[in-house]
Every structure is written in structure tokens, then in C-alpha cells.
Amino acid sequence: MNGLVPIIEPEVLMDGAHGIEVQRWVTEKVQAATMKALSDVNIEWEGMLLKPNMILPGTDSGKTASPEDVAKNTVEGLMRTLPAAVPGITFLSGGQSEEEATRNLNAMNKLYPNAPWKLSFSFGRALQASVLKAWDGKTENVEAAQKLFYALSKAN
């Protein structure tokens with residue numbers, strides 16, 4: 001309408017000792033409420049992007065989840081709350097290492113190739129941290145940093 005693309009970021013932090021089931025339940029509630037509020041103001045679904053968290057166990061739970069479990073909980077939770085008309089989801093890494101975030105996003109795209117939205121990163125820490133470290137602001141490191149960035153991007 002006004003040439004702007006709203007990027008909606010209903011992030012649910014993973015701080016706490018809860019399991020992945022609680023994180024999914026809370027995230028679904030937050031996303032459903034967010035979609036309701038957007039509907040109330042007549043958002044153009046096709047003109048927005050969603051920037052949510054991935055569904056993971058709480059950081060203090062002592063539990064881990066496989067990339068497949070993260071993919072299942074995250075994508076199925078989105079299917080329950082997000083209109084298919086939204087063109088893309090750009091995930092936050094949410095404190096995950098770049099390897100973990102990359103494996104989780106890769107699993108989403110492999111397990112749900114027909115998801116109604118494009119699934120990607122918001123190009124934060126998950127794709128940039130090691131690249132910036134490899135580059136270190138030095139001209140002689142540019143090629144190595146570019147190769148690393150390419151490898152990380154290709155993994156997704």
C-alpha cells in the first residue's frame with residue numbers, strides 16, 4: 001500500500017528450564033495473537049515477512065533437540081498459525097551457534113520442501129559470525145571469508 005515491507009518479529013526467547021513442548025505452545029500462542037492483531041489492521045499478507053524464533057528447548061533445561069525435532073516443531077507450529085499467503089520466513093538464530101542454526105534450517109527445508117513459505121535466515125549471527133572473524137578486516141583474508149560465506153549459504 002505504501003511501498004513498505006513490514007518485517008514482523010514475534011520472538012519468544014528460549015530462556016528457562018522448559019522443554020521444547022512448552023516453547024512450541026508459547027510460540028504458537030504468541031504467533032496466533034500476532035496474526036490476529038495484523039489481521040485487525042488489514043495487513044497485506046503477501047507484502048510482509050515474518051522473523052520468528054525456531055522452536056528449541058529452554059536454554060536452562062539441559063535438553064537438546066535434533067534438527068529434525070526443531071524442524072517439526074517449528075514448521076508445524078507455523079502451519080497452525082501463519083497464513084500461507086505470507087511469502088517468507090526469515091529466522092532469528094536466537095543464541096544458537098551458526099552450525100546449529102544452519103543444521104536446523106537445513107532440516108526444515110529438507111523435511112518440508114512444500115511449505116507454503118520460503119524459509120531462510122534473517123542473515124544475522126548464523127551466517128555472519130565466523131565469516132567476519134575469518135575476514136578480520138584484512139584484505140588478505142577476503143577470499144577465505146568469501147569461501148566460508150559461500151559454504152555456509154550453500155548449506156541452507
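Heads up: the structure comes first, above all this text.
Residues numbered from 1 in each chain as written. Predicted model: local features only at pLDDT ≥ 70, side-chain atom pairs only at ≥ 80, totals over all residues. Heavy atoms only, no water.

**Some remarks on the nonpolar core**
Ranked by size, the top nonpolar core spans 27 residues in total, and within it Met108, Trp117 and Leu119 carry the most contacts. Counting residues per element, the ones that place at least two in this core are helix H1 (20-40), helix H2 (67-81), strand S3 (88-91), helix H3 (98-111) and strand S4 (118-121). Ignoring sequence-local partners within four residues, the contact set of Met108 consists of Met54, Val70, Ala71, Thr74, Val75, Phe91 and Leu119. (Core = buried A, V, L, I, M, F, W, Y, C linked by side-chain atoms within 4.5 Å. Buried < 20%, exposed > 50% of the residue type's maximum accessible area, 1.4 Å probe, protein only. Helix = DSSP H or I, 4+ residues; strand = E, 2+ residues; numbered from the N terminus. Contact = heavy atoms within 4.5 Å.)

**Describing the packing of H1 against H2**
The contact between H1 and H2 brings their axes to 9 Å, and the two run at 25°. With respect to H2, the axis of H1 lies roughly parallel. Considering only the axes of H1 and H2, their crossing is right-handed. Listed contacts from H2 to Ile20, Arg24, Glu28, Gln31, Ala32 and Met35 of H1 are Asp69, Lys72, Asn73, Glu76, Gly77, Leu78, Arg80 and Thr81. Grouping the amino acids of the contact of H1 with H2 by side-chain chemistry returns four nonpolar, four polar and six charged. (Axes fitted to C-alpha atoms, helices over the stretch in contact; angles between N-to-C directions. Parallel < 35°, antiparallel > 145°, perpendicular 65-115°, else oblique. Left-handed = near helix turned anticlockwise from the far one by under 90°. Nonpolar A, V, L, I, M, F, W, Y, C, P; charged D, E, K, R; others polar.)

**Examining H2**
Think of an α-helix as turning once every 3.6 residues; residues three or four places apart then point the same way. The end-to-end C-alpha separation of H2 is 21 Å, in line with the 21 Å expected for 15 residues at 1.5 Å each. Taken as a whole, H2 has its buried residues at Val70, Ala71, Asn73, Thr74, Val75, Gly77, Leu78 and Thr81. Summarising the contacts, the buried residues of H2 are in contact with H1, strand S2 (49-50), S3, H3 and S4. (Expected span 1.5 Å × (residues − 1).)

**Considerations on the pairing of S4**
The side chains of a regular strand alternate between both faces of the sheet. Where burial is concerned, the two faces of S4 differ: the one with Leu119 and Phe121 is buried and the one with Lys118 and Ser120 is not. Two elements, S3 and S4, share four bridges in a ladder whose sense is parallel. Among the inter-strand pairings, Ile89 is bridged to a residue of S4, identified as Leu119. Of the crossover connections in this fold, the one passing from S3 over H3 to the parallel S4 is right-handed. (Pairing = 2+ DSSP bridges. Right-handed = clockwise from strand over helix to strand, strands pointing away.)

**Description of the packing of H2 against H3**
As a packed pair, H2 and H3 sit with axes 8 Å apart at the nearest point and diverge in direction by 65°. The handedness of the crossing between H2 and H3 is right-handed. Listed contacts from H3 to Pro67, Glu68, Val70, Ala71, Thr74 and Val75 of H2 are Arg103, Asn104, Ala107, Met108 and Leu111. For the contact of H2 with H3, the class distribution of residues is seven nonpolar, two polar and two charged.

**Focus: the sheet that holds strand S1 (residues 7-8)**
What the four strands build is an open sheet, ordered S1-S2-S3-S4; its pairing is parallel. Two strands bound the open sheet, and with one partner strand each, they are S1 and S4. Note that S1 and S2 share two bridges and pair parallel. Paired with Ile7 across the bridge in S2 is Leu49.

**Considering the pattern of salt bridges**
According to the stated counting rule, one finds eight salt bridges in the structure shown. The closest approach of N and O atoms between Glu76 and Lys72, which form a salt bridge, is 3.1 Å. Of this pair, Glu76 and Lys72 are both found in helix H2, four residues apart, which corresponds to roughly one turn of the helix. (Salt bridge = Lys/Arg side-chain N within 4 Å of Asp/Glu carboxyl O.)

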